[in-house]
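Residue-level structure breakdown
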Amino acid sequence: GSSELGHAWQQPWPPLGSSEAAPAVLGHWARELGASHPQRLVASAKSWLSHAAVDRTAPILPWGAGAEVAKISPLEASAAYLAHLRTAWDAAHPQAPLHQQQVALTVPASFDEGARALTLEAARLAGLPPVQLLEEPKAAFHDWLLLQGDALAAQLATSELALVVDIGGGTTDLTLIAVEPPAPEQTQPRLTRIAVGEHLMLGGDNMDLSLAHQLEPRFTQAGERLPPTRFAQLVQRCRKAKEQLLAEDAPDSLAVTLLGGGSRLLAQTRSCPLSRAQVQEMVVEGFFPLVAADATPQRSRSGLRGLGLPYPQDAAITRHLAEFLRQHSPQRWPDTVLLNGGVFHAAALRQRLSEQLAQWRGQPVRVLHNPHPDWAVARGACAHALAQRSPQALPRIEGGAARSYWLALPSSSKKGQNTTTPQAICLLPRGTPEGVVLRLTGRRFALQLGQAVRFNLLARNQGEAKAGELATISGAGWVELPPIAEVLRSTAGQHSKRVEVQLQASMSEVGTLEVRCTQLDSEKSERGESTGAEQEPSWLLPFNVRGAIGAHTDTNADSTDSAQSAPSADVATHPQLPQALALVERIFGSQAQEVSSKEVRQLRASLEKLLGTREGWPLPLLRQLLDALLERSRRRRRSAEHERVWLNLTGWCLRPGLGSQLDAWRMEQLWALYEQGLAHSKEAANWTEWWVLWRRVAPGLDEAQQMQVLEAVAASMQKTVQRNAKARWGSYDDMLRLLAAMEAVPWEFRQEMGQWMLKRLQRPDEPAHTWWAIGRLAARQPLAANAHLVMPPSAAREFLDACLAQDWRKNEHAMFAAVQITRMTGERSLDWDEATRAQVLAKLQASGAPRRWQDLVQSVQALDAQDQQRSLGESLPPGLVLL
């Protein structure tokens with residue numbers, strides 16, 4: 001707080017967005033203060049900026065900090081860094097302020113379009129002039145090129161394929177650059193960036209954490225963990241020791257000292273030795289093991305979000321590198337490598353990586369000399385800008401778009417066809433040069449002016465494609481991008497007009513994907529005449545990085561596509577799928593058929609007869625059935641039975657509302673039906689299915705949508721309780737379950753719900769399931785919500801105390817609730833203190849609790865399938881597992 005910092009935080013200038021109420025410091029001082037106040041330290045902001053599973057414009061950092069800590073968004077943190085640099089420059093160069101300069105801003109090559117768009121927004125907020133984005137590995141290579149001077153051509157004469165490995169604190173960035181001899185009239189070699197790696201969140205920070213975890217037991221009593229403040233100190237000490245022990249002239253060992261705190265400073269201060277051999281084993285063998293050329297990184301099968309940043313399951317960088325090289329250069333291995341980033345100050349890591357590359361290639365690899373791996377990216381950005389001004393002085397690294405971009409197309413559903421064909425069309429092929437505009441002439445879209453439109457984009461950084469080419473969305477390598485969304489503003493006389501447009505795409509000069517809608521002159525188009533694209537109205541479609549727009553486009557079924565339509569991305573087809581879709585069509589199809597009420601009611605049983613029991617339906621099959629149900633949603637209103645069956649099947653097929661490609665699009669289609677409500681609202685059974693549907697898909701709803709559902713179900717519960725009218729608004733038990741599934745709302749709302757439930761539990765007729773609901777509300781590990789929304793231990797204390805007051809031999813629901821509330825996560829800000837967990841463990845043992853429940857409280861464990869189902873109140877689709 002400001003009382004601790006005095007006015008020092010304002011020197012030499014206050015950071016962007018800080019105030020007396022929420023002072024901030026940046027840079028080395030922030031890192032030093034963070035060692036003693038880790039709950040206030042914003043770290044890895046750039047990694048958070050690229051984390052598509054969180055709202056990057058929401059105040060979520062410091063991650064997991066308490067309510068007393070002022071929070072900022074990844075976007076604001078990034079803008080604060082840039083604003084500090086701008087102010088520092090202007091103070092040093094008052095005659096040439098930064099806004100008058102040409103500025104290049106570097107980003108990881110693996111940044112997706114949402115992260116790039118947010119980087120440009122951060123630069124704007126920081127007051128920078130219009131900037132050009134440059135990939136960091138390219139910038140580092142530019143620096144090396146500049147250092148060669150006149151000897152450049154000779155230096156690269158024997159090189160054909162160069163690999164840039166850039167490993168910083170938080171990420172590993174991989175880039176391949178093809179080297180070709182100079183053209184006859186040129187003096188410089190031709191350089192083309194041919195591939196970039198996927199976003200890999202592995203770096204020096206992970207190595208420091210691994211060492212700290214290994215040393216932690218030396219500083220604690222058996223089974224205990226260091227509090228967050230002291231563990232952050234240990235990470236800092238391990239970072240310094242790692243750098244010294246991996247240097248060329250490293251000592252055999254160093255003492256790692258952890259200071260005590262307060263009046264017990266000396267009494268709590270402890271040291272332990274860390275040897276060079278230990279660091280070699282943990283860092284070199286752990287992160288850079290020697291592996292075969294066909295090695296593949298281990299991957300979690302889960303499509304769901306975990307807590308914190310999405311670190312890869314496999315920490316072996318060499319396995320990720322082997323896969324990258326096989327994908328993008330299967331015929332040859334790189335002969336030249338440039339190593340960049342702070343971790344390569346360590347001689348042992350430089351030696352290991354060059355040894356690994358030589359082993360794969362069968363002969364030595366040339367390691368280019370990089371005299372300053374900490375500064376090469378910044379220097380190279382300047383070199384790149386100079387090369388643009390003077391192309392003869394330094395060769396440019398060509399390459400254009402680093403990945404191909406695709407538009408998800410509607411599923412084909414022609415008459416007589418019951419199968420869907422999930423496809424995408426290529427908007428912009430990989431390698432398209434900057435500034436080249438490609439137009440999707442084969443497709444037209446009908447849009448309504450003045451209304452929001454949305455297109456779903458995918459990217460792929462492997463394989464070749466041509467603009468307009470169709471491809472099936474299957475296999476690995478497809479990445480769902482933030483949707484592009486905008487309200488098409490009408491010009492004079494065009495309000496609410498329906499227009500036909502084509503899409504055009506380009507890689508802009510600043511290094512971002514630009515997609516535009518260009519209006520067609522329908523009369524000229526029908527006559528086959530040129531429509532004069534350069535004079536036609538057009539709209540730039542920005543990436544929607546703040547969440548779903550939740551609006552719809554108009555569509556002409558025959559001549560145009562719907563901008564909303566998207567295919568099922570899962571193509572593994574069940575052999576009985578056509579018959580199953582025919583059953584769905586029979587009940588919910590457009591042609592009125594003679595279908596009895598009994599046949600409608602038995603649709604689920606009929607599907608299970610064809611496809612097997614529904615618990616075993618795999619994720620691809622579920623989403624294919626769902627797409628058929630969504631397509632026929634209008635016909636759910638035909639009768640009360642139709643509505644009940646449709647709600648039941650739709651919720652089952654879309655659960656848990658995320659985890660498969662394009663589920664965000666599917667949730668948007670479903671949410672559009674929320675406002676319409678029930679067609680048969682006097683039927684209690686329909687109300688029950690309504691609540692069950694929204695409970696099943698709740699993880700796919702954002703905070704505002706969950707709040708809307710929460711208010712509705714709370715009102716219905718109140719009416720049910722007050723009037724004791726259990727039949728009118730559906731099952732009380734299912735409403736209770738829905739309340740407990742609202743993970744995306746602020747934890748304070750869930751605390752209020754829990755307090756209401758505790759009062760209800762004083763009644764003898766309250767169902768025991770209420771204890772389950774309390775356990776879910778205060779659980780340590782949510783299904784899909786971010787960690788900053790988890791109820792902190794201090795707020796969950798009253799619920800844990802209530803559970804502990806129960807006789808667990810007679811109340812298993814309260815016992816499992818206590819397990820959920822005190823389960824170990826490994827996230828120090830969420831975990832309970834050792835004494836509380838020991839108290840829960842003792843009662844679990846005395847009550848004869850299953851061993852697996854005790855393990856969940858004692859250490860970080862994954863739920864088994866049985867407890868996972870118990871925790872969520874429902875099974876998850878086969879093939880979808882929780883992290």
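The residue numbering used here restarts from 1 in each chain and proceeds along that chain's sequence as written. For a predicted model such as this one, the threshold for reporting local features is a pLDDT of at least 70, and the threshold for listing and counting side-chain atom pairs is 80 or more; totals across whole chains, interfaces and linings nevertheless cover every residue. Side-chain measures were taken over the full set of non-hydrogen atoms in the model, leaving aside hydrogen atoms and water.

So, the overall build of the protein
Test applied: Per the convention used, a helix needs a DSSP run of H or I reaching at least four residues, while a strand needs a run of E reaching at least two, with both numbered from the N terminus. For every residue, the accessible area obtained with a 1.4 Å probe (protein chains only) is divided by the maximum for its type, and the residue is called buried under 20%, exposed over 50%, and partly exposed between those limits. Two residues qualify as a contact provided that any one of their heavy atoms is within 4.5 Å of a heavy atom in the partner residue. Under the convention used here, a 1.4 Å probe and the Shrake-Rupley method define accessible areas, while residue burial counts only the protein chains that appear.
Along the protein, the regular secondary structure elements total 31 helices and 22 strands. Residues classed as buried in the protein amount to 53% of the 883 residues present. Within the protein, residue pairs in contact and separated by at least 24 positions form 72% of the contacts whose partners lie at least 6 positions apart. Surface summary for the protein: the accessible area is close to 38,100 Å², and the carbon and sulfur share equals 50%.

Comments concerning the sheet that holds strand β8 (residues 336-340)
The following threshold applies: One bridge is not enough; two strands pair if DSSP finds at least two bridges between them. Working convention: axes come from line fits to C-alpha atoms, limited for helices to the stretch in contact. Angles between N-to-C directions cover 0 to 180 degrees.
Strand order in the open sheet formed by 6 strands is β9-β8-β3-β4-β5-β10, with mixed pairing between adjacent strands. Here the strands that pair on one side only, and so sit at the sheet edges, are β9 (366-367) and β10 (397-398). Where strand β5 (residues 190-196) and β10 come together, 2 bridges link them in parallel fashion. Each bridged residue has a counterpart across the sheet, and for Thr192 the counterpart in β10 is Glu398. Seen against the sheet, helix α13 (residues 347-361) touches β3 (161-167), β8 and β9 and runs at an angle of roughly 155 degrees to β8.

A few points about the nonpolar core
The test is simple: The set of buried Ala, Val, Leu, Ile, Met, Phe, Trp, Tyr and Cys residues whose side-chain atoms join them within 4.5 Å is what this entry labels a nonpolar core.
In this structure, Leu625, Leu670 and Trp694 are the most contacted members of the largest nonpolar core, which totals 90 residues. Counting residues in hydrophobic clusters, the runner-up holds 49 residues, among them Val165, Leu202, Val235 and Phe344.

Examining the environment of Asp249
Among the structural elements, Asp249 can be located in the loop between α9 (228-245) and β6 (253-258). Among the residues examined, Asp249 registers a relative accessible area of 67% and is labelled exposed. Along the chain, Asp249 and Ala347 lie 98 residues apart, while their C-alpha atoms are 9.2 Å from each other.

Side note on the confidence of the model for the protein
Detailed reading of predicted coordinates is not advised where the pLDDT is low. What counts, and what does not: Confidence of the prediction at every residue is given by pLDDT, a number between 0 and 100.
Confidence along the protein averages 82 in pLDDT terms, with 84% of residues attaining 70 or more. Of the regions scoring below 50 in pLDDT, residues 546-572 engages in 104 contacts with residues more than four places distant in sequence or in other chains.

Notes on the side chain of Thr318
Looking at the element boundaries, Thr318 is found in helix α12 (residues 317-328). When residues no more than four places from it in sequence are discounted, the contact partners of Thr318 are Phe287, Phe288, Pro289, Val291, Leu353, Gln356 and Trp360.

So, the packing of aromatic side chains
Note the threshold: Geometry of aromatic contacts follows a simple scheme: Phe, Tyr and Trp rings, the Trp one being its six-membered ring, pair when their centres are within 6.5 Å, and the pair is stacked under 30 degrees between planes, edge-to-face over 60, tilted otherwise. Only when the NZ of Lys or the CZ of Arg is both within 6 Å of the ring centre and within 35 degrees of the ring normal is a charge said to sit over the ring.
Within this structure, the stated rule accounts for 9 aromatic pairs. With a centroid separation of 5.6 Å and 80 degrees between ring planes, the pair formed by Trp671 and Trp694 is classed as edge-to-face. Remark: Trp694 occurs in helix α22 (residues 684-696) and Trp671 occurs in helix α21 (residues 663-671); sequence separation between them is 23 residues. We classify Trp671 as buried; its relative accessible area is 13%. Three or more aromatic residues link up through ring pairs in this structure, and these residues are Trp671, Tyr674, Trp690 and Trp694. Directly above the ring of Trp652 sits Arg655, whose terminal nitrogen or CZ lies 3.7 Å from the centroid.

Quick word on the sheet that holds strand β16 (residues 457-460)
Taken in spatial order, the 5 strands line up as β17-β12-β11-β16-β18 in an open sheet, and their pairing is antiparallel. Looking at which strands have only one partner, the edges of the open sheet turn out to be β17 (470-472) and β18 (478-480). Across the sheet, the mean angle from the axis of one strand to that of its neighbour is 40 degrees, orientation sign disregarded.

Observations regarding α21
Most of α21 sits out of view: 8 of its 9 residues are buried. Taken as a whole, α21 has its buried residues at Asp663, Trp665, Arg666, Met667, Glu668, Gln669, Leu670 and Trp671.

Brief notes about the pattern of salt bridges
For side chains of opposite charge, pairing can occur when their charged atoms come near one another. Defined as follows: By definition, a salt bridge exists where a carboxyl oxygen of Asp or Glu is found within 4 Å of a side-chain nitrogen of Lys or Arg.
This structure, assessed with the given rule, holds 33 salt bridges. The partner of Glu180 in a salt bridge is Arg190, with the nearest N and O atoms 3.8 Å apart. Of this pair, Glu180 sits in strand β4 (residues 172-180) while Arg190 sits in strand β5, and the two are 10 residues apart along the sequence. Accessibility expressed as a relative area gives 36% for Glu180, which makes it partly exposed. Salt bridges linked by common partners bring Asp205, Asp208, Arg239 and Lys242 together as one network.

Notes on the pairing of β4
Among the 9 residues that make up β4, 8 are buried, leaving the element largely enclosed by the rest of the structure. Bridging between β3 and β4 involves 7 bridges; their strand directions are antiparallel. The residue bridging Asp166 from the neighbouring strand is Asp173, located in β4. Between β3 and β4, which pair antiparallel and follow one another directly, the connecting turn spans 4 residues.

Some words on unusual backbone geometry
The amide bond that connects Leu61 to the next residue, Pro62, takes the cis arrangement and shows omega of 5 degrees. Among the structural elements, Pro62 can be located in the loop between α3 (45-49) and α4 (74-92). The backbone phi angle of Ser44 is positive, close to 60 degrees, even though this residue is not glycine. For Ser44, the location among the structural elements is in the loop between α2 (28-36) and α3. On the basis of relative accessibility, which here comes to 24%, the residue Ser44 falls in the partly exposed class.

Some remarks on the environment of Pro878
You can see Pro878 is positioned in the segment after α31 (865-872). In the structure, Pro878 is positioned 261 residues away from Trp617 in sequence and 7.0 Å away in space, judged by C-alpha atoms. Other than its neighbours up to four places away in sequence, Pro878 contacts Glu615, Gly616, Trp617, Pro618 and Leu619.

A short note on the packing of helix α19 (residues 619-631) against α21
Here is the rule we go by: Oblique is the label for any angle not under 35 degrees, not over 145, and not in the 65 to 115 range, which are roughly parallel, roughly antiparallel and roughly perpendicular in turn. Each helix crossing is assigned a hand: it is left-handed if the near helix lies turned anticlockwise from the far helix by less than a right angle, otherwise right-handed if that turn is clockwise. Gly falls in the polar group here, along with every residue not listed as nonpolar (Ala, Val, Leu, Ile, Met, Phe, Trp, Tyr, Cys, Pro) or charged (Asp, Glu, Lys, Arg).
Packing of α19 against α21 leaves a shortest axis separation of 11 Å and a crossing angle of 30 degrees. On the basis of their axis angle, the class for α19 and α21 is roughly parallel. For the crossing formed where α19 meets α21, the hand is left-handed. Here Arg623, Leu626, Asp627 and Leu630 of α19 lie close against α21, whose contacting residues are Asp663, Trp665, Arg666, Gln669 and Leu670. Broken down by class, the residue content of the contact of α19 with α21 amounts to 4 nonpolar, 1 polar and 4 charged.

Description of helix α18 (residues 603-611)
Selection rule: An arc is given here, and it is the one of the directions from the helix axis to the C-beta atoms.
Looking only at α18, the buried set comprises Leu603, Leu607 and Leu611. Viewed end-on, α18 has its buried residues packed into an arc of 55 degrees, placing them on one side of the element. On the buried face of α18, the contacting elements are α16 (577-588), α17 (597-601), α19 and α20 (640-654). Gly612 lies just past α18 and shows a positive phi near 95 degrees.

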